[in-house]
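# Survey of secondary and tertiary structure
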Amino acid sequence: MFKQASRLLSRSIAAASSKSVTTRAFSSEVPSTIDSTFVESWKKVAPNMDPPQTPSAFMKPRPSTPSSIPTKLTVNFVLPYASELSGKEVDMVIIPATTGQMGVLPGHVPTIAELKPGIMSVHEGADVKKYFLSSGFALLHANSVADIIAIEAVPLEHIDPSQVQKGLAEFQQKLTSATTDLEKAEAQIGVEVHSAINAALSG
């Protein structure tokens, strides 16, 4: 029965795709509705089962791109265990991308940037809040919304410089005495992270 269902569903989806291949919108721009052709095909082969919901059923429509550049950048800054900033309107953020420090202003071109250990600064008027990020990604949208996802982040003022120096010395020693590739890799990561923190505190 399920083989027959998959064949019918494949035909209906292929037919629908061929009709709309030139006008297909982003998945987050279409209404959260289930394709009627899909539902009809499903009922033919599994009349006693509800049709499965597709990802679009759970997605909110993408906010429209404003006709003019907003005066503020909306920032969402999240960690696996907390939301640091949610819908915060700021003037600019500077993020530690793998390609270098990247300044993000309202109207920034849509971009996905990988983050490296370094400082992220959030600028709101004369107030500047700085965080040290371990790694992550920044998703910059056309509607002047920036979603920043980090694995670990600490406000810069919460970091003890003496502990950073101590940790850097320990990992440098481990790197010198490492005998296996794994030990060298772990020590190298420790040196790079502590060096980045030390440079951030010094700057």
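These numbers come from a predicted model, not from an experiment.

Between its first and last C-alpha atoms helix H4 (residues 181-202) spans 31 Å; for 22 residues at 1.5 Å apiece the expected length is 32 Å, and the two agree. Listed in full, the buried residues belonging to H4 are Ala187, Gly190, Val191, His194, Ala196, Ile197 and Ala200. Looking at the buried positions of H4, the neighbouring elements they touch are strand S6 (118-124), strand S7 (127-133) and helix H3 (161-177).

The pairing of S6 with S7 spans seven bridges and is antiparallel. Pairing of Val122 across the sheet is with Lys129, part of S7. The turn joining S6 and S7, which pair antiparallel and follow one another in sequence, is formed by two residues; a positive phi near 65° is taken by Gly125. Bridge analysis of S7 against strand S10 (residues 153-155) gives three bridges, and the strand direction is antiparallel. Each residue of the ladder has a partner; that of Leu133, found in S10, is Ala153.

So, about the pairing of strand S9 (residues 145-150). Note: strand S1 (residues 73-79) against S9, five bridges, orientation parallel. Paired with Val75 across the bridge in S9 is Ala146. Linkage of strand S8 (residues 136-140) to S9, two consecutive antiparallel strands, is achieved through a turn of four residues, within which Ser144 is found at a positive phi near 65°.

Let's shift gears to the pattern of salt bridges. Summed over all chains, the structure comprises three salt bridges. Glu124 is paired through a salt bridge with Lys88; the nearest N and O atoms lie 3.2 Å apart. Placement of Glu124 in strand S6 and of Lys88 in strand S2 (residues 82-90) is noted, with a sequence separation of 36 residues between them. A residue is classified by how much of its surface remains accessible, and Lys88, at 32% relative accessible area, is partly exposed. Residue Glu157 is joined to Lys129 by a salt bridge in which the shortest nitrogen-to-oxygen separation is 2.7 Å. Taken together, the residues Glu157 in the loop between S10 and H3 and Lys129 in strand S7 connect sequence positions 28 residues apart. Given a relative accessible area of 52%, Glu157 falls into the exposed group. Judged by its relative accessible area of 30%, Lys129 falls in the partly exposed class.

Right, let's talk about the packing of aromatic side chains for a bit. Applying the stated rule across the entire model yields two aromatic pairs. A centroid spacing of 6.3 Å and a plane angle of 25° characterise the contact between Phe38 and Trp42, whose relative ring orientation is stacked. With Phe38 and Trp42 both in helix H2 (residues 36-45) and four residues apart, the pair spans about one turn of that helix. Accessibility classification places Phe38 together with Trp42 in one group, the buried group. Here Phe77 and Tyr131 contribute two aromatic rings whose centre-to-centre distance is 5.1 Å and whose plane-to-plane angle is 70°, an arrangement assigned as edge-to-face. With Phe77 in strand S1 and Tyr131 in strand S7, this pair connects stretches of sequence that are 54 residues apart.

Attention now goes to the nonpolar core. Of all hydrophobic cores here, the largest spans 23 residues; its most connected members are Val75, Phe77, Val93, Ile95, Met120, Leu133 and Ile148. Among the elements that make up this core, the one with the highest residue count is S1 (four residues). Not counting residues within four places of it along the chain, the set of residues in contact with Ile95 comprises Gly100, Gln101, Met102, Val104, Leu115, Ile119, Met120, Ala138 and Ile148. Of all hydrophobic cores here, the second largest spans eight residues; its members include Ile159, Val164, Ala196 and Ile197.

This paragraph deals with the side chain of His123. Mapped onto the elements, His123 comes out in strand S6. The exposure class of His123 is buried, given its relative accessible area of 18%. Here the side chain of His123 touches Ser121 through a polar contact of 3.0 Å, side chain to side chain. Non-local contacts of His123, meaning those with residues more than four positions away in its chain, are made with Val90, Asp91, Met92, Ile94 and Val128.

Cut-offs and rules
- Residues numbered from 1 in each chain as written.
- Predicted model: local features only at pLDDT ≥ 70, side-chain atom pairs only at ≥ 80, totals over all residues.
- Heavy atoms only, no water.
- Helix = DSSP H or I, 4+ residues; strand = E, 2+ residues; numbered from the N terminus.
- Expected span 1.5 Å × (residues − 1).
- Buried < 20%, exposed > 50% of the residue type's maximum accessible area, 1.4 Å probe, protein only.
- Contact = heavy atoms within 4.5 Å.
- Pairing = 2+ DSSP bridges.
- Salt bridge = Lys/Arg side-chain N within 4 Å of Asp/Glu carboxyl O.
- Phe/Tyr/Trp six-rings, centres within 6.5 Å; stacked < 30°, edge-to-face > 60°.
- Core = buried A, V, L, I, M, F, W, Y, C linked by side-chain atoms within 4.5 Å.
- Polar contact = N/O pair within 3.5 Å; in protein donor to acceptor, adjacent residues only side chain to side chain.

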